[in-house]
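# Inside the fold
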Amino acid sequence: MPATQNRRMVAVILLIPLVVLLALWAFAWPAARIAPHDLPLGVAGSAPAADRLQQRLEQRDGAFEVHRYASEDEARHAIENRSVYGALVATPQGTRLLTASAASPAVAQLLREAVTAQAPDGTPVQVTDVVAAPGTDPRGSVLGASFLPLAIAGVLSGSVVTLLRLRGVRAALTLIGVAVTAGLGATALTADWLGVITGNWWAVAGTLGLTVLAIGGTVAGLAALVGPPGIGAGAVLMVLLGNPFSGITSAPELLPGPVGAIGRLMPPGAGGSLLRSVAFFDGSGAGGPLLILGLWAALGLGAVLIGGRRRDRPPVAPPAHTHEPALAG
């Protein structure tokens, strides 16, 4: 018994600091390396002024993914469709900057500062916010902060379903019920009370609920397949990695290396992108994130059903051994 207690003591001493270091790395490292990486940006206008703008952007190797448009109207349309985060428009009076703070206040601020710094002294830069963030949350702080509670809600739902030993269809229905309730409650709080999210109310509620379901289904599905350790694996995947890798508070293209690409494929990142689409852009760009969330939810619920069926299967009785009477010699 003392040897067992000693091993547990050493495990606690080593594992908890390791988890803390992992969390610190996951949250602090991307935040400390914010910079554009293939950030979609438009350039509009006629040559040669537009050509010079494009060349200037392409000199920053790997920073921008330049999309060329013939006119300012085309650039505005691309911003509204979430094809680009903003656009530089070459005009006879100078460069005009188009932004979309609703897509990312951090990107809009970065573009504004970069264009202003490159403008000749005393030359004003006209900035137009094509799709503005709501005045109640101009920096996107509330929207960004709302996804950590959603991730925690998903992890809690998957954990509680597992610990209460709900299996199969009952577990799946419980997860769906929690997701629906959480989506409705979160929308009532953020849209009706705080007024920081606009757009179609039911589309927003569906987005938030589907995000919770994708996370909760993944946690419960892992636990159904591998047992209680699946809860820890799901929590690490969704909270310690999925949330800081999501780019919700900035943009996936501002995160270092492959972090942004990984984050967009996980429920928190896909949920954040889908929420911006349905809340501020009339659903533009919603297809990809919706597919990702749907796949996570379907795989998680599928694992819950498969794991429940496997555990409910009655054990197979060993074959009976018949003893033949010994032959008299």
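Summary of the structure given here. (Residues numbered from 1 in each chain as written. Predicted model: local features only at pLDDT ≥ 70, side-chain atom pairs only at ≥ 80, totals over all residues. Heavy atoms only, no water.)

Regular strands show a simple pattern: their side chains alternate between the two faces of the sheet. Across six bridges, the pairing between strand β1 (residues 39-44) and strand β2 (residues 64-69) is parallel. Across the sheet, residue Gly 42 finds its bridge partner in β2, namely His 67. (Pairing = 2+ DSSP bridges. Helix = DSSP H or I, 4+ residues; strand = E, 2+ residues; numbered from the N terminus.)

Right, let's get into the sheet that holds β1. Spatially, the five strands line up as an open sheet ordered β2-β1-β3-β4-β5, and their pairing is mixed. Looking at strand neighbours, the two that pair on one side only are β2 and β5 (126-129), the edges of this open sheet. Put simply, the sheet's adjacent strands are angled 25 degrees from each other on average, direction ignored. Relative to β5, strand β4 (residues 94-99) is paired through four bridges, and the arrangement is parallel. Each residue of the ladder has a partner; that of Arg 96, found in β5, is Gln 126. In this fold helix α2 (residues 49-58) packs onto β1, β2, β3 (87-91) and β4, with an angle of close to 170 degrees to the strand it touches most, β2. (Axes fitted to C-alpha atoms, helices over the stretch in contact; angles between N-to-C directions. Contact = heavy atoms within 4.5 Å.)

On to the environment of Gly 294. For Gly 294, the position within the fold is in helix α12 (residues 287-312). A residue is classified by how much of its surface remains accessible, and Gly 294, at 29% relative accessible area, is partly exposed. Taking C-alpha positions, Gly 294 is 7.6 Å from Leu 210, a pair spaced 84 residues apart along the chain. (Buried < 20%, exposed > 50% of the residue type's maximum accessible area, 1.4 Å probe, protein only.)

Attention now moves to the packing of aromatic side chains. Considering all chains together, one arrives at three aromatic pairs under this definition. Aromatic side chains Trp 25 and Phe 245 sit 5.9 Å apart centroid to centroid with 75 degrees between the ring planes, which places their arrangement in the edge-to-face category. Of the two residues, Trp 25 sits in helix α1 (residues 2-32) while Phe 245 sits in the loop between α9 (229-242) and α10 (259-264), which places them 220 residues apart along the sequence. Owing to a relative accessible area of 40%, Trp 25 belongs among the partly exposed residues under this scheme. An angle of 75 degrees between the planes, with centres 4.9 Å apart, marks the rings of Trp 201 and Trp 202 as edge-to-face. Among the aromatic residues, those joined into a cluster by ring pairs are Trp 25, Trp 29 and Phe 245. Here Arg 82 stacks its cationic end above the ring of Phe 281, 5.2 Å away from the centre of that ring. (Phe/Tyr/Trp six-rings, centres within 6.5 Å; stacked < 30°, edge-to-face > 60°. Lys NZ or Arg CZ within 6 Å of the ring centre and 35° of its normal.)

Turning our attention to unusual backbone geometry. Cis geometry marks the peptide bond from Ala 47 to Pro 48, where omega comes out at 0 degrees. Mapping Pro 48 onto the fold places it in the loop between β1 and α2. One non-glycine residue, Arg 82, lies in the positive phi region at around 65 degrees. Residue position: Arg 82 is located in the loop between α3 (72-80) and β3. Overall, Arg 82 belongs to the partly exposed group, its relative accessible area being 23%. In this structure, Asp 282 takes a positive phi of about 55 degrees despite not being glycine. As for its placement among the helices and strands, Asp 282 is situated in the loop between α11 (267-280) and α12. On the basis of relative accessible area, Asp 282 is assigned to the exposed category, the value being 79%.

Where charged atoms from two side chains of opposite charge approach closely, those side chains can pair. A full pass over the atoms with the stated rule returns four salt bridges. For Arg 68, the salt bridge identified is with Asp 51, shortest N-O distance 2.9 Å. With Arg 68 in strand β2 and Asp 51 in helix α2, the pair connects residues that are 17 residues apart, well separated along the chain. Looking at Asp 51, the relative accessible area reads 29%, which means it is partly exposed. The residue Glu 72 makes a salt bridge to Arg 76 at a minimum N-O spacing of 3.2 Å. Of this pair, Glu 72 and Arg 76 both sit in helix α3, four residues apart, which is roughly one turn of the helix. Here the salt bridges share partners, and the residues they tie into one network are Glu 72, Arg 76 and Arg 96. (Salt bridge = Lys/Arg side-chain N within 4 Å of Asp/Glu carboxyl O.)

In this model helix α7 (residues 168-193) runs 37 Å from its N-terminal to its C-terminal C-alpha over 26 residues, within 8% of the 38 Å that 1.5 Å per residue would give. Where α7 terminates, the next one or two residues include Gly 195, which has phi positive at roughly 70 degrees. (Expected span 1.5 Å × (residues − 1).)

Turning next to the packing of helix α6 (residues 147-163) against helix α8 (residues 201-226). Running from N to C, α6 and α8 point in directions that differ by 40 degrees, and their axes come no closer than 7 Å. Comparing the axis directions of α6 and α8 gives the class oblique. With respect to the hand of their crossing, α6 and α8 are arranged in right-handed fashion. Across the interface between the two elements, Phe 147, Leu 150, Ala 151, Ala 153, Gly 154, Val 155, Ser 157, Gly 158, Ser 159 and Thr 162 of α6 pack against Leu 208, Thr 211, Val 212, Ile 215, Gly 216, Val 219, Ala 220 and Ala 223 of α8. (Parallel < 35°, antiparallel > 145°, perpendicular 65-115°, else oblique. Left-handed = near helix turned anticlockwise from the far one by under 90°.)

Turning to the pairing of β1, a few remarks are in order. For β1, a buried count of six out of six residues is recorded, marking the element as mostly surrounded by other parts of the structure. Here β1 shows a buried face lined by Leu 39, Leu 41 and Val 43 and a second buried face lined by Pro 40, Gly 42 and Ala 44. Following the backbone out of β1, through α2 and into the adjacent parallel β2, one traces a crossover that is right-handed. (Right-handed = clockwise from strand over helix to strand, strands pointing away.)

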